[in-house]
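Each chain, written out:
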Amino acid sequence: RHGYEGPRRRILVVDNEEADRTLLADLLQPLGFLVEGADSGEAALARLADAAQPRPDAVCMDLAMPGIDGWETIRRLRAAGFGDLPLAVVSANAFD
């Protein structure tokens, strides 16, 4: 692992499983990323709506979560004006 040059990039990891959020943070932080976690789609949307918080540079989204799932969270995120925010689906569910 070597990291990257330039300003630190902020990644929002959305997953209801703490172990999965921690796994991604453990992989991304040594590369220089600033990693934040949200434990639900609702928490992710609230975090993104908070203008006092810095906007993440990208989102890693789980699909299978209680409450609103990842698909619905993505739809709401796009409808809220975050259509240009890079998003990667990270899910253990291979069928979605």
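Being a predicted model, the structure only gives us computed values, none of them experimental.

Caption draft 1: Highlighting the overall build of the chain. Check the secondary structure of the chain and you find three helices and four strands. Its C-alpha atoms give the chain a radius of gyration of 13 Å, near enough to 12 Å, the size a compact globule of 96 residues would have. A separation threshold of at least 6 residues defines the contact pool for the chain, and within that pool the share at least 24 residues apart is 71%. When the accessible surface of the chain is split by element, carbon and sulfur atoms take 54% of a total near 5700 Å².

Caption draft 2: Representation of the environment of Met-65. Note on placement: Met-65 falls in the loop between β3 (58–61) and α3 (70–79). Using a relative accessible area of 8% as the deciding quantity, one classes Met-65 as buried. Between the C-alpha atom of Met-65 and that of Asp-39, which follows or precedes it by 26 residues, the distance is 8.8 Å. Beyond its immediate sequence surroundings of up to four residues, Met-65 is in contact with Val-14, Asp-15, Asn-16, Ser-40, Gly-41, Gly-70 and Thr-73.

Caption draft 3: Inspection of the sheet that holds strand β2 (residues 34–38) at higher detail. Taking strand neighbours across the sheet as the criterion, the four strands line up as β2-β1-β3-β4 in an open arrangement whose pairing is parallel. The open sheet terminates on both sides in strands that have one partner only, identified here as β2 and β4 (87–89). Direction aside, neighbouring strands of the sheet carry axes that sit 20° apart on average. Along the sheet face, helix α1 (residues 18–28) touches β1 (10–14), β2 and β3 and points at about 175° away from the line of β2.

Caption draft 4: Seen up close, the pattern of salt bridges. All chains considered together, the criterion is met by six salt bridges. Here Arg-47 ties to Glu-36 by a salt bridge, and the two come within 2.7 Å at their closest N and O atoms. Residue Arg-47 is located in helix α2 (residues 41–49), and its partner Glu-36 is located in strand β2; the two are separated by eleven residues in the primary sequence. Across this residue pair, the class does not change: Arg-47 and Glu-36 are buried. For the salt bridge of Arg-55 with Asp-84, the shortest nitrogen-to-oxygen distance reads 2.7 Å. In this pair, Arg-55 is assigned in the loop between α2 and β3 and Asp-84 in the loop between α3 and β4, connecting sequence segments 29 residues apart. Residue Arg-55 is classed as partly exposed on the basis of its relative accessible area, which comes to 41%. Salt bridges sharing partners connect three or more residues here, namely Arg-10, Glu-36 and Arg-47.

Procedures and definitions
Residues numbered from 1 in each chain as written. Predicted model: local features only at pLDDT ≥ 70, side-chain atom pairs only at ≥ 80, totals over all residues. Heavy atoms only, no water. Helix = DSSP H or I, 4+ residues; strand = E, 2+ residues; numbered from the N terminus. Rg over C-alpha atoms; globule rule 2.2 N^0.38 Å. Contact = heavy atoms within 4.5 Å. Areas by Shrake-Rupley, 256 points an atom, 1.4 Å probe, with all protein chains shown as cover. Buried < 20%, exposed > 50% of the residue type's maximum accessible area, 1.4 Å probe, protein only. Pairing = 2+ DSSP bridges. Axes fitted to C-alpha atoms, helices over the stretch in contact; angles between N-to-C directions. Salt bridge = Lys/Arg side-chain N within 4 Å of Asp/Glu carboxyl O.

Geometry only, nothing functional implied.
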